[in-house]
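# Architecture and fold: a report
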Amino acid sequence: MQAILGVIFHFIGGFASGSFYIPYKKVKGWAWESFWIVGGLFSWLIVPPLAAWLTIPNFVEIIKQTNAGILGLTYFFGLLWGIGGLTYGLGVRYLGVALGSSIILGLCSIFGSLIPSFYYELYPADGKDSISLLMSTNWGQMVLLGIAVCVLGIVICGRAGVLKEKELSKTQDVAATNTEYKFGLGIILAIISGILSACFNFGIEAGHSMSDTANKIWMAANPGQGNFLYQNNVTYIVILWGGLTTNLVYCMILNARNKTFGNYTDKTTPLLANYLFSALAGTTWFLQFFFYGMGESRLGNGPSSWILHMAFIILIANLWGLVLKEWKGVSRKAYITVVAGIATIILSVLIVGYGNSLKG
């Protein structure tokens, strides 16, 4: 039952992440950097402490009592994760949406889910899954199989995206659509982004003592009720400070370079609606990790939690693409390929969930 709850929580988190950008489409007359940072202030600065205040008594004291080295390392991984998000956009720019996204999310899935297991192979810790444990147990082998199937699903979705781009480019100015395609530079950026985007999971690991403290306090007050659902909410605050730093600096540079600081007070645009939709997008984005923490409390912060999170993001994003008819006008072959990719990702989720049920 715990494994089923964990999968459900990860699905809700994945749905939030795969859907958060939709409110941004309602923003009118603002440059990307303007609505991105307004939404980001809610994602990384406003909502995280609010969520912690609602769920973790004395969360400020937990942060204050945490070793400065742990806080610094957690923040540092958040900073790297923020850079991963920025290089994501550049990777997509030079490789195309389908190819770039598939490579980046695939790498993020692999690195984020497996590197902690290799780390704990070298530095064992109670309650942490090492790679040898995964490879030597039935449940661990099933989780690794699920990861492999998920990667296959990502590759299939990427193939569908490449087919789509080729087909749609035939009806457009090919020279114009391919002027920015630079495979060499794009693949380097994609690799950097894939690795650094996985640093969010590393940040959770680095700041685990904070969530562990919150968990122990809650378990002492609620004996026999399992792990605390919201224990990670205190860790997110520090990780997201790092993400805010990276994105704020970059967006301010773009505001200055593109002369778009006026967006924030431009009365010729629907200011109230723009702020509300940006706030909604930012809040929805944070909910992915709110529910990720709930899922992790049931499955543990091993490879299964991260791969489920990434798989559901890819799944929901692709489903939104179908619902919004982004695949309209493509061949039957491309459409069947993307559906096959989505089905493969769903299968990977079921396999990982089954593996975790064996562990329990």
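Up top is the structure these notes are about.
Read on for an overview of the structure. (Residues numbered from 1 in each chain as written. Predicted model: local features only at pLDDT ≥ 70, side-chain atom pairs only at ≥ 80, totals over all residues. Heavy atoms only, no water.)

## Here's the deal with the overall build of the protein
Keep this limit in mind: Here a helix means four or more residues in a row that DSSP labels H or I, a strand means two or more in a row labelled E, and each is numbered from the N terminus. Buried residues are those whose accessible area, probed at 1.4 Å on protein chains only, stays under 20% of the maximum for their type, while exposed residues exceed 50% and partly exposed ones sit between those limits. Residue contacts follow a heavy-atom distance rule, with two residues in contact if any of their heavy atoms lie within 4.5 Å. Only the protein chains shown count as covering a residue, and every accessible area follows the Shrake-Rupley method with a 1.4 Å probe.
Along the backbone of the protein there are 15 helices and zero strands. Taken over 360 residues, the protein has a buried fraction of 52%. Sequence-distant contacts, at least 24 apart, represent 82% of the contacts inside the protein between residues at least 6 apart. Per element, the accessible surface of the protein, about 16,700 Å² overall, is 69% carbon and sulfur.

## Considering the nonpolar core
The test is simple: To form a nonpolar core, buried Ala, Val, Leu, Ile, Met, Phe, Trp, Tyr and Cys residues must be joined to one another through side-chain atoms within 4.5 Å.
In this structure, Trp44, Phe200, Tyr236, Leu240, Trp285 and Phe286 are the most contacted members of the largest nonpolar core, which totals 42 residues. Elements with a contribution of two residues or more to this core: α2 (32–55), α4 (68–95), α10 (199–206), α12 (233–258), α13 (271–299) and α14 (303–323). Examining the composition of this core, we find that nine residues originate from one element, α13, more than from any other. Core analysis: the second largest hydrophobic core is formed by 22 residues, Val7, Ile131, Phe312 and Val352 among them.

## Quick notes on a nonpolar patch on the surface
This is how it is decided: Residues enter a patch when their relative accessible area is above 30% and they make no salt bridge; the linking distance is 9 Å between like charges and 5 Å between nonpolar side chains (Val, Leu, Ile, Met, Phe, Trp, Tyr). Put simply, a salt bridge is a Lys or Arg side-chain nitrogen that is within 4 Å of an Asp or Glu carboxyl oxygen.
Taken together, the side chains of Ile4, Ile8, Phe11, Ile12 and Phe15 present a nonpolar region at the surface, about 430 Å² in accessible area. Position of phenylalanine 15 among the secondary structure elements: in helix α1 (residues 2–19). Given the relative accessible area of 40%, phenylalanine 15 is considered partly exposed.

## Focus: the environment of methionine 294
By the element assignment, methionine 294 lies in helix α13. Its relative accessible area of 6% is what places methionine 294 among the buried residues. A sequence separation of 287 residues divides methionine 294 from valine 7, and the C-alpha atoms of the two residues are 9.8 Å apart. With residues near it in sequence (within four places) discarded, methionine 294 still touches Phe9, Leu229 and Tyr230.

## Notes on the environment of asparagine 215
What counts here: Throughout this description, a polar contact denotes any pair of N or O atoms lying within 3.5 Å of each other; where both atoms belong to protein, one of them has to be capable of donating a hydrogen while the other can accept it, and for residues adjacent in sequence the pair is counted only when both atoms sit in side chains.
By the element assignment, asparagine 215 lies in helix α11 (residues 208–221). A relative accessible area of 6% places asparagine 215 in the buried class. Sequence separation of asparagine 215 and glycine 226 is eleven residues, and the distance between their C-alpha atoms is 9.5 Å. A polar contact is formed between the side chain of asparagine 215 and the side chain of asparagine 227, at a distance of 3.2 Å.

## Regarding the packing of aromatic side chains
Describing an aromatic ring pair means giving the distance of the ring centres and the angle of the ring planes. The cut-off we apply is this: Classification of ring pairs uses Phe, Tyr and Trp, with its six-membered ring standing for Trp, and accepts pairs whose centres are within 6.5 Å; under 30 degrees between planes counts as stacked, over 60 as edge-to-face, and the remaining range as tilted.
This model, assessed by the stated rule, comprises 23 aromatic pairs. Arranged with centres 5.8 Å apart and planes meeting at 85°, the rings of phenylalanine 228 and tyrosine 230 form a pair that is edge-to-face. Looking at phenylalanine 228, the relative accessible area reads 4%, which means it is buried. Centroid distance phenylalanine 290 to phenylalanine 291: 5.4 Å. Interplanar angle 80°. Geometry classified as edge-to-face. The residues phenylalanine 290 and phenylalanine 291 share a single accessibility class, namely buried. In this structure an aromatic cluster arises from ring pairing among Phe20, Tyr24, Trp32, Phe35, Trp36, Trp44, Trp81, Phe200, Tyr236, Trp285, Phe286 and Phe289.

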